[in-house]
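# Report on the structure
Listed here are the chains, written in short residue letters.
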Amino acid sequence: MDSKGRVVIKLGGSLITDKSKSKTINMSAIDKVCKVILKIQNEGYNLVIVHGAGSYGHILAKEMNIADGIDRNNEHAQRNAVKKIRKDMLELNSHVIESLENLNLRVAVHPPSKWAKGIGMNFKGDITIFEKESNRVIPVCFGDVVDREDEFEFGILSGDDLMYRLSVEIPDVKYTIFLLGDVGGVMDQPPTNPDAKILEIWSKNKFVKTKHNSDIDVTGGIDLKLDRAARISKHVSEVWFLDGRNPNRIIELINDGDTIGTKIIA
Ligand code: IPE
């Protein structure tokens, strides 16, 4: 079957882990999303999967100040933490891969620590490895600790920056989907407020700052995600923040052109 184009999906760290407790996996959430990924492939789309770190990355990264690069007073402990976070991320990734492979989906994992250098949107690395996969093999990557070519030596490359580069540079991306862990989309008020409602559309000009909050994130939380999503929407017409606990909404979006969630417009 000819491909209908590509769908790039990020499984947020708060969806696939319990963000507050070190290394706690949410396997049922992962399995639920992977079943939908199979459906999307059966609809005739190629996929690219990115996942976050959640409690497999953020907690130790924050404790050891990894996002700010090397601290000469704490070098040794930091280097051990870098190794440990990379190992933990591979462990988290292996759970995602296992869930995909249980459905007979074929995958190719590209850990950023092996091919990417530098942090932020302009990191260096050969994105074309993601389009070279043969048809129906799903390339997978994740937020990771990467080397930097400057005096900082290492830093954290967020899955949201990977989403930006992959969505914009890989040809034929039709949908870019950010799956959130605990909300139905971008909310008009702090999600803890019972009156909070999902915004149907979020545009950068209208809402400068969101009211979501996270003190666990080392990469920038919802505001980084929204900034990257808005940039992606200049190249990809369907960019959405959806509730990862209801992944069937992706199928609804693809089939009906609309669903419950927030469409991002630059
Ligand atoms: C963070 O990646 C990577 C590490 C902390 C090692 P993300 O920024 O993509 O992760 P989530 O989605 O917020 O958990």
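Everything here concerns the structure above.
In this section: the overall build of the chain. Summing up its helical and strand segments, the chain has eight helices and 10 strands in all. Against the 2.2 N^0.38 benchmark of 18 Å for 266 residues, the chain shows a C-alpha radius of gyration of 17 Å, consistent with a compact globule. By its C-alpha atoms, the chain is 55 × 45 × 35 Å across when sized along the principal axes. At a minimum sequence separation of 6, the contacts of the chain that also span at least 24 residues come to 74%. Averaging the coordinates of the 37 positive side-chain charges in the chain and doing the same for the 38 negative ones gives two points 1 Å apart.

Another aspect to go through is the site of the ligand. Around the ligand, 18 residues are found, and the nearest of them are Lys10, Gly13, Gly54, Gly159 and Thr219. In this structure, lysine 19 approaches the ligand through a side-chain N or O atom, which is 3.4 Å from an oxygen atom. When the free accessible area of the ligand is taken as 400 Å², the share hidden by the protein chains comes to 99%. For the shell around the ligand, the class distribution of residues is four nonpolar, 10 polar and four charged.

Here we come to the nonpolar core. By size, the foremost hydrophobic cluster in this structure holds 46 residues, and its most contacted members are Ile9, Ile40, Ile66 and Ile177. If you tally residues by element for this core, the top one is helix H4 (residues 75–102), at eight residues. If we skip the residues at most four places from it in the chain, isoleucine 66 touches Ala61, Gln78, Ala81, Val82, Ile85, Val145, Phe154, Gly155 and Ile156. Counting residues in hydrophobic clusters, the runner-up holds 35 residues, among them Cys141, Leu162, Ile170 and Val236.

Overall, mixed pairing links the eight strands, which are arranged E3-E4-E2-E1-E7-E9-E10-E8 in an open sheet. Among the strands making up the open sheet, the edge pair consists of strand E3 (106–109) and strand E8 (201–203). Direction aside, the axes of adjacent strands within the sheet are offset by 25° on average. Two elements, strand E2 (residues 46–51) and strand E4 (residues 137–142), share three bridges in a ladder whose sense is parallel. Pairing of isoleucine 49 across the sheet is with valine 140, part of E4. Strands in contact with helix H6 (residues 159–169) are strand E1 (6–11), E2, E4 and strand E7 (173–180); relative to E7, the strand with the most contacts, it is inclined by about 170°.

Tallied over the entire structure, the rule returns 21 salt bridges. One salt bridge in this structure joins aspartate 147 and arginine 86, with 3.1 Å as the shortest N-O distance. Linking aspartate 147 in strand E5 (residues 144–147) with arginine 86 in helix H4, this pair joins segments that are 61 residues apart in sequence. The class for aspartate 147 is partly exposed, based on a relative accessible area of 32%. Exposure remark for arginine 86: the relative accessible area of 21% places this residue in the partly exposed category. Salt bridges sharing common partners tie together Asp161, Lys204, Asp227, Arg228 and Arg231.

For the pair H6 and helix H7 (residues 221–232), the least separation of the axes is 9 Å and the interaxial angle reads 5°. What the angle tells us is that H6 and H7 run roughly parallel. Only Gly221, Leu224, Lys225, Arg228, Arg231 and Ile232 of H7 make contact with H6, whose side of the interface consists of Asp160, Asp161, Met163, Tyr164, Ser167 and Val168. By residue class, the composition of the contact of H6 with H7 is five nonpolar, two polar and five charged.

Inspection of the entire model under this criterion finds four aromatic pairs. Considering the side-chain rings of tryptophan 115 and phenylalanine 123, the 6.0 Å spacing of their centres and the 70° angle between planes classify their relative orientation as edge-to-face. Relative accessible area serves as the criterion here: at 16%, tryptophan 115 is assigned to the buried category. With a centroid separation of 5.1 Å and an interplanar angle of 40°, the aromatic rings of phenylalanine 178 and phenylalanine 241 are classed as tilted. Pair noted here: phenylalanine 178 is in strand E7 and phenylalanine 241 is in strand E9 (residues 238–243), with a separation of 63 residues, a long-range link. Here phenylalanine 178 matches phenylalanine 241 in class, with each residue buried. Joined through ring pairs, the aromatic side chains of Trp115, Phe123 and Phe130 make up one cluster. Over the ring of phenylalanine 123 we find arginine 165, and its NZ or CZ is 4.5 Å from the ring centre.

The next point concerns the environment of leucine 47. Mapped onto the secondary structure, leucine 47 falls in strand E2. Judged by its relative accessible area of 3%, leucine 47 falls in the buried class. Apart from residues lying up to four places away in sequence, leucine 47 is in contact with Val7, Ile9, Ile37, Ile40, Gln41, Ile138 and Pro139.

About the criteria used
Residues numbered from 1 in each chain as written. Predicted model: local features only at pLDDT ≥ 70, side-chain atom pairs only at ≥ 80, totals over all residues. Heavy atoms only, no water. Helix = DSSP H or I, 4+ residues; strand = E, 2+ residues; numbered from the N terminus. Rg over C-alpha atoms; globule rule 2.2 N^0.38 Å. Contact = heavy atoms within 4.5 Å. Lys, Arg positive; Asp, Glu negative; His and termini not counted. Charge placed at Lys NZ, Arg CZ, Asp CG, Glu CD. Near = heavy atom within 4 Å. Polar contact = N/O pair within 3.5 Å; in protein donor to acceptor, adjacent residues only side chain to side chain. Areas by Shrake-Rupley, 256 points an atom, 1.4 Å probe, with all protein chains shown as cover. Nonpolar A, V, L, I, M, F, W, Y, C, P; charged D, E, K, R; others polar. Core = buried A, V, L, I, M, F, W, Y, C linked by side-chain atoms within 4.5 Å. Buried < 20%, exposed > 50% of the residue type's maximum accessible area, 1.4 Å probe, protein only. Pairing = 2+ DSSP bridges. Axes fitted to C-alpha atoms, helices over the stretch in contact; angles between N-to-C directions. Salt bridge = Lys/Arg side-chain N within 4 Å of Asp/Glu carboxyl O. Parallel < 35°, antiparallel > 145°, perpendicular 65-115°, else oblique. Phe/Tyr/Trp six-rings, centres within 6.5 Å; stacked < 30°, edge-to-face > 60°. Lys NZ or Arg CZ within 6 Å of the ring centre and 35° of its normal.

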